[in-house]
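Chain by chain, the residues run as shown.
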Amino acid sequence: MLRILLGDPWDDYDYVYSLRQDMVAKRKVPYFKLVNIRQCHSSDAIEQSRLLSRIQSPNIATVYALYYNGNNISIVTEYLGIHLSQLELQKYHLEEWEMATIIAEVLKGIAYISSLKLSCRNISGANIRLSLDGEIKLGKFIFTFNVINLTRSTQS
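These numbers come from a predicted model, not from an experiment. Along each chain, numbering runs from 1 in the same order as the chain's sequence is written. Only residues with pLDDT of at least 70 are given local features in this predicted model, and only at 80 or more are side-chain atom pairs given and counted; all residues enter the totals for whole chains, interfaces and linings. Only hydrogens and water are set aside when side-chain values are computed; all heavy atoms of the structure are taken into account.

Draft legend 1. The overall build of the protein, seen in detail. Secondary structure is summarised from DSSP: a helix means a run of H or I of at least four residues, a strand means a run of E of at least two, and numbering begins at the N terminus for each. Along the backbone of the protein there are 3 helices and 9 strands. Mapped from its N terminus to its C terminus, the protein presents α and β elements in the order β-β-β-β-α-β-β-β-α-β-β-α. Type-normalised accessible area, obtained with a 1.4 Å probe on protein chains alone, sets the label of each residue: buried when under 20%, exposed when over 50%, and partly exposed for intermediate values. For the protein, the proportion of its 156 residues judged to be buried stands at 43%. With residues, only the protein chains shown are counted as cover, and all accessible areas are computed by Shrake-Rupley using a 1.4 Å probe. When the accessible surface of the protein is totalled, it reaches about 8900 Å², and 55% of it is carbon and sulfur.

Okay, structure coming up:
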């Protein structure tokens, strides 16, 4: 269930390290749990919340909470340790079945996003995430902040 809170996520999480635009943090209580936190600006927080809450797929990173502080949003998502763009593919050559698995999971995520009539045109290796358990998921950030313009254009 998506939690929507007013305030700062740093009241509930401790900073661990930065990873590009994301920050990795751990939950203070009740247990140690790593998460990704991304902070951004939004002028339509209610619409963002509504759209994020309806996105639930095993191929999309789970959003645990949204923190609102003025026009700033902090999105707390499940921790997926590696972005595809971080892999040194020149040094490590993927086997055919590994490439096929990654492509199949990415296509499932794109099909789900498209079924909700959302745009995912900004997909890149940084948006394809891998867990240490071998899960392959799309980060929600590929479409979250372009959704409002898409929604407004379809209502016109």
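Draft legend 2. Local environment of the confidence of the model for the protein. The quantity known as pLDDT measures the predictor's confidence residue by residue, on a range of 0 to 100. Scored by pLDDT, the protein has a mean of 80; 85% of the residues are at 70 or more. pLDDT under 50 marks residues 145–156. Its contacts with residues more than four places away, or in other chains, come to 18 contacts. It only takes one pair of heavy atoms within 4.5 Å for two residues to be counted as in contact.

Draft legend 3. Molecular detail of the nonpolar core. In terms of nonpolar packing, the biggest core is built from 12 residues, these being I55, I60, L84, I102, V106, I113, L118, C120, I128, L130, I136 and L138. Those elements that place two or more of their residues in this core are α2 (96–115), β8 (128–130) and β9 (136–138). It is α2 that provides the largest number of residues to this core, a total of 3 residues. Throughout this description, the term nonpolar core refers to a set of buried Ala, Val, Leu, Ile, Met, Phe, Trp, Tyr and Cys residues connected via side-chain atoms within 4.5 Å. Within the second largest apolar cluster, 8 residues are counted, among which are L52, L66, I73 and I75.

Draft legend 4. The pairing of strand β6 (residues 72–78), seen in detail. Most of β6 is tucked away: 6 of the 7 residues are buried. We call two strands paired when DSSP finds no fewer than two bridges between them. For strand β4 (residues 34–41) and β6, the ladder comprises 7 bridges, and the chain directions are antiparallel. Within the sheet, the bridge partner assigned to H41 lies in β6 and is N72. Sheet topology places strand β5 (residues 63–69) next to β6; 6 bridges connect them, and they run antiparallel. Along β6, the bridge assignment pairs A65 with V76. Linking β5 to β6, which pair antiparallel, is a turn of 2 residues; within it G70 sits at a positive phi near 70°.

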